[in-house]
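Below, each chain spelled out in residue letters.
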Amino acid sequence: MNKFQILVVEDDAPVRNLITTTLKAHNYRFITATNGEGAVMEAASHNPDIILLDLGLPDLDGVEVITRIRGWSNVPIIVISARSEDSDKIDALDAGADDYLTKPFSVDELLARLRVTQRRLALIRNNTVQDSCYENGQLCIDYAKRCVYMADEELHLTPMEYKLLCLLAKNTGKVLTHKYILTNVWGNSLESDVGSLRVFMATLRKKLEKTPGAPQYIQTHIGVGYRMIRVE
Ligand code: CA
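This report concerns the structure included in the present document.

Cut-offs used in this document
- Residues numbered from 1 in each chain as written.
- Predicted model: local features only at pLDDT ≥ 70, side-chain atom pairs only at ≥ 80, totals over all residues.
- Heavy atoms only, no water.
- Helix = DSSP H or I, 4+ residues; strand = E, 2+ residues; numbered from the N terminus.
- Rg over C-alpha atoms; globule rule 2.2 N^0.38 Å.
- Buried < 20%, exposed > 50% of the residue type's maximum accessible area, 1.4 Å probe, protein only.
- Contact = heavy atoms within 4.5 Å.
- Areas by Shrake-Rupley, 256 points an atom, 1.4 Å probe, with all protein chains shown as cover.
- Lys, Arg positive; Asp, Glu negative; His and termini not counted.
- Charge placed at Lys NZ, Arg CZ, Asp CG, Glu CD.
- Salt bridge = Lys/Arg side-chain N within 4 Å of Asp/Glu carboxyl O.
- Donors = N, O, S within 2.8 Å, 3.2 Å for Na, K, Ca; no water.
- Arc of directions from axis to C-beta.
- Core = buried A, V, L, I, M, F, W, Y, C linked by side-chain atoms within 4.5 Å.

A few words on the overall build of the protein. The number of helices and strands found in the protein is eight helices and 12 strands. Computed over its C-alpha atoms, the radius of gyration of the protein comes to 18 Å, within 12% of the 17 Å expected for a compact globule of 232 residues. Dimensions of the protein, computed from the C-alpha atoms along their principal axes, are close to 50 × 40 × 30 Å. Put simply, the protein has 232 residues, and 49% of those count as buried. For the protein, the share of sequence-separated contacts (at least 6 apart) that also reach a separation of at least 24 residues comes to 58%. Carbon together with sulfur atoms contributes 51% to the accessible area of the protein, which is approximately 11600 Å² in total. Between the averaged position of the 27 positive side-chain charges in the protein and that of its 30 negative side-chain charges there is a distance of 4 Å.

If you want it as structure tokens, here you go:
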């Protein structure tokens, strides 16, 4: 039995059934809620490991549900949104969601997102002590020395590139929105700065990735932001 318990919040019965059938087939434990108030209540009373949250709920706005849950819990939240709710998806990530799935999604996509989140969760639970070194695949960040290595070769990053890399590393597995990155690296989030973020990201990737066109470490989420991938 998979020890992870998932709270599935979805008002659309066919989608809810698809999700719960998939979870059952892969030995996840789950509970369900069909509206926002129910989601907040179930989250509080069952303390699930991961929440799958549909953004279009009949009573509360999905973003409101995230804000309420974030008031007391850091439980990973994967939002499920329709394509027409793209801006809601970004608001959800900014409110503290970890990842997203866009409808219609495949069972494989759902399982992949759950695995990413489980790995992220395992990492958080094992890292109660602040590590002075970050290791991921061939990438190594020595926070004390402010040095970055790729396959034991030192990378020469500018202070901004270093800051950007550290932010992504500290949130490995989580999708960070443009706004979140701009606020945390530059201290502001003007829409016009997305262009300069893209330029910094391109130069960082040139130093980091073997094939910048097919990045292994930093994934682009078009129109949304970036995510550091856990490399095996
Ligand atoms: Ca819905």
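Glancing now at the pattern of salt bridges. Between side chains of opposite charge, pairing is possible as soon as their charged atoms come close. Considering all chains together, one arrives at 10 salt bridges under this definition. Between Glu37 and Arg68 there is a salt bridge whose closest N-O contact spans 3.3 Å. Pair noted here: Glu37 is in helix H2 (residues 36-46) and Arg68 is in helix H3 (residues 62-70), with a separation of 31 residues, a long-range link. Under the relative-accessibility criterion, Glu37 is labelled partly exposed at 41%. Taking relative accessible area as the criterion, Arg68 reaches 32% and is therefore assigned partly exposed. A salt bridge links Asp98 to Arg70; the shortest N-O distance between them is 3.1 Å. Taken together, the residues Asp98 in the loop between helix H4 (86-94) and strand S5 (99-103) and Arg70 in helix H3 connect sequence positions 28 residues apart. Look at Arg70 and you get partly exposed, because its relative accessible area is 22%. The network of salt bridges with common partners includes Glu10, Asp54 and Lys103.

So, about the coordination of the calcium ion. Every protein donor of the calcium ion is listed here as Asp11 (OD), Asp54 (OD) and Gly56 (O), and their distances to the metal cover 2.2 to 2.4 Å. In terms of primary sequence, the donors binding the calcium ion are separated according to D-x42-D-x1-G.

With that settled, consider unusual backbone geometry. A cis amide bond, omega -5°, links Lys103 with the succeeding residue Pro104. Its location among the elements puts Pro104 in the loop between S5 and helix H5 (107-126). Here Asn47, not a glycine, exhibits a phi torsion of approximately 50°, which is positive.

Residues of helix H7 (residues 178-185) that are buried include every one of His178, Ile181, Leu182 and Val185, and no others. The buried residues of H7 occupy an angular sector of 95° when projected down its axis, which confines them to one face. Those residues of H7 that are buried lie in contact with helix H6 (159-170), strand S10 (176-177), helix H8 (194-208) and strand S12 (225-228). One or two residues past the end of H7 sits Gly187, with phi positive at roughly 85°.

Formed by 29 residues in total, the largest nonpolar core has its most connected members in Leu139, Ile141, Leu165, Ile218 and Met228. Taken together, the elements giving at least two residues each to this core come down to strand S7 (139-142), strand S8 (147-150), H6, H7, H8 and S12. Sort the elements by how many residues they give to this core and H6 lands first, with seven residues. Excluding anything up to four places from it in sequence, Ile218 contacts Leu168, Met201, Leu204, Arg205, Leu208, Glu209, Tyr226, Arg227 and Met228.

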